[in-house]
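Structural features, examined
So the chains spell out like this:
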Amino acid sequence: MTIGELQTTERLSNKGAYLQVDSSMLKRILSQSLGTALAMDTETTGLKVEGPQAPARALWVGLVPIGSHVCLICRADTFQKNWDILKDRQFICHKGRFDFHALDLIPSKPWYDTKARKYYDSMTANSSLDACAAEYGISKIETPDALKKDGGITEVPEHELFEYLADDVLSTAMIAGHQGPMDGSLVSLESSPVKVRTQS
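The notes below deal with the structure included here. Everything numeric here is computed off the predicted structure, so don't read it as measured data.

**A word on the overall build of the chain**
- A tally of helices and strands in the chain yields 7 helices and 7 strands.
- Its helices and strands taken in sequence order, the chain reads β-β-α-β-β-β-α-β-α-β-α-α-α-α from the N to the C terminus.
- By residue count, 50% of the 200 residues in the chain fall in the buried class.
- Total accessible area on the chain is roughly 9,900 Å²; 52% of this is exposed by carbon and sulfur atoms.

Structure below.
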């Protein structure tokens, strides 16, 4: 099954669509896009995700194979169980360090980070996802109020949560397309212990 063959996706404005997938469907789709970079984002139970004793964790993961307009949404444990076929992919994230902490995973290669890329261009500019999207004329769904507090994810209806997650991932992919390549010094910045601004 390829992205183009999916017929049951939920439309998301003019950006694309999203589809919840289980483990077998995720494997089948990814097997048709080997070597393709993946834009990624997570939805978590809170913001405190660093360290083995962190109280918050990822519940959902959104993935967009670059070149498609469909966001695949799976449970975090499904993503973790399939890490062997995911770990060598090139990931594109916005504040990816947060997402990988939330998943307790380490990819085998540095990810492209749209937040760090913006920070590299200007250390004083707003590097939030919404600000980066606005810079390139990309509209964004507003963050549901419940997601602004720890544990609020359980208060958001699933379809609303999926729309928000898909919008974030599709926007991240679009921003990366505008920003251009991430050079070696930026990769070093993202992988260093130095913390950049943490607004989402």
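**Description of helix α4 (residues 114-121)**
- Of all 8 residues in α4, 6 are buried, a share of seventy percent or more.
- Of the residues flanking the start of α4, the one acting as N-cap is D113, its side-chain oxygen 3.0 Å from the backbone nitrogen of K115.

**Brief notes about unusual backbone geometry**
- At K95, a residue that is not glycine, the phi angle is positive and equals roughly 65°.
- By the secondary structure assignment, K95 is in the loop between β6 (91-93) and α3 (96-103).
- A relative accessible area of 17% means that K95 is categorised as buried.
- Of note, the phi angle at D104 is positive, near 55°, even though the residue is not glycine.
- You can see D104 is positioned in the loop between α3 and β7 (112-113).
- Its relative accessible area of 60% is what places D104 among the exposed residues.

**A closer look at the pairing of strand β3 (residues 38-44)**
- Across the 7 residues of β3, 7 count as buried, placing the element largely inside the fold.
- Here β3 shows a buried face lined by L38, M40, T42 and T44 and a second buried face lined by A39, D41 and E43.
- Bridge analysis of β3 against strand β4 (residues 58-65) gives 7 bridges, and the strand direction is antiparallel. If you follow M40 over to β4, its bridge partner there is L63.
- As defined by bridge partners, β3 adjoins β6 across 2 bridges and the pair is classed as parallel. The partner of A39 across the bridge, within β6, is I92.

**Some points on the nonpolar core**
- Membership of the largest hydrophobic core comes to 28 residues, with the highest contact counts inside it found for M40, L63, F79 and F91.
- With sequence-adjacent residues up to four places away left out, M40 is seen in contact with V61, G62, L63, F79, F91, I92, C93, D99, F100, L103 and V169.
- Formed by 20 residues, the second largest nonpolar core is a distinct cluster that contains W60, L165, V169 and L170.

**Digging into the packing of α4 against helix α6 (residues 158-179)**
- Two elements in contact, α4 and α6, have axes separated by 10 Å at closest approach and are oriented at 35°. In this structure, the crossing between α4 and α6 has a hand that is left-handed. For the pair formed by α4 and α6, the contact residues are T114, R117 and K118 on the first element and T172, I175, A176 and Q179 on the second.
- The residue makeup of the contact of α4 with α6, split by class, is 2 nonpolar, 3 polar and 2 charged.

Conventions and cut-offs
Residues numbered from 1 in each chain as written. Predicted model: local features only at pLDDT ≥ 70, side-chain atom pairs only at ≥ 80, totals over all residues. Heavy atoms only, no water. Helix = DSSP H or I, 4+ residues; strand = E, 2+ residues; numbered from the N terminus. Buried < 20%, exposed > 50% of the residue type's maximum accessible area, 1.4 Å probe, protein only. Areas by Shrake-Rupley, 256 points an atom, 1.4 Å probe, with all protein chains shown as cover. Polar contact = N/O pair within 3.5 Å; in protein donor to acceptor, adjacent residues only side chain to side chain. Pairing = 2+ DSSP bridges. Core = buried A, V, L, I, M, F, W, Y, C linked by side-chain atoms within 4.5 Å. Contact = heavy atoms within 4.5 Å. Axes fitted to C-alpha atoms, helices over the stretch in contact; angles between N-to-C directions. Left-handed = near helix turned anticlockwise from the far one by under 90°. Nonpolar A, V, L, I, M, F, W, Y, C, P; charged D, E, K, R; others polar.

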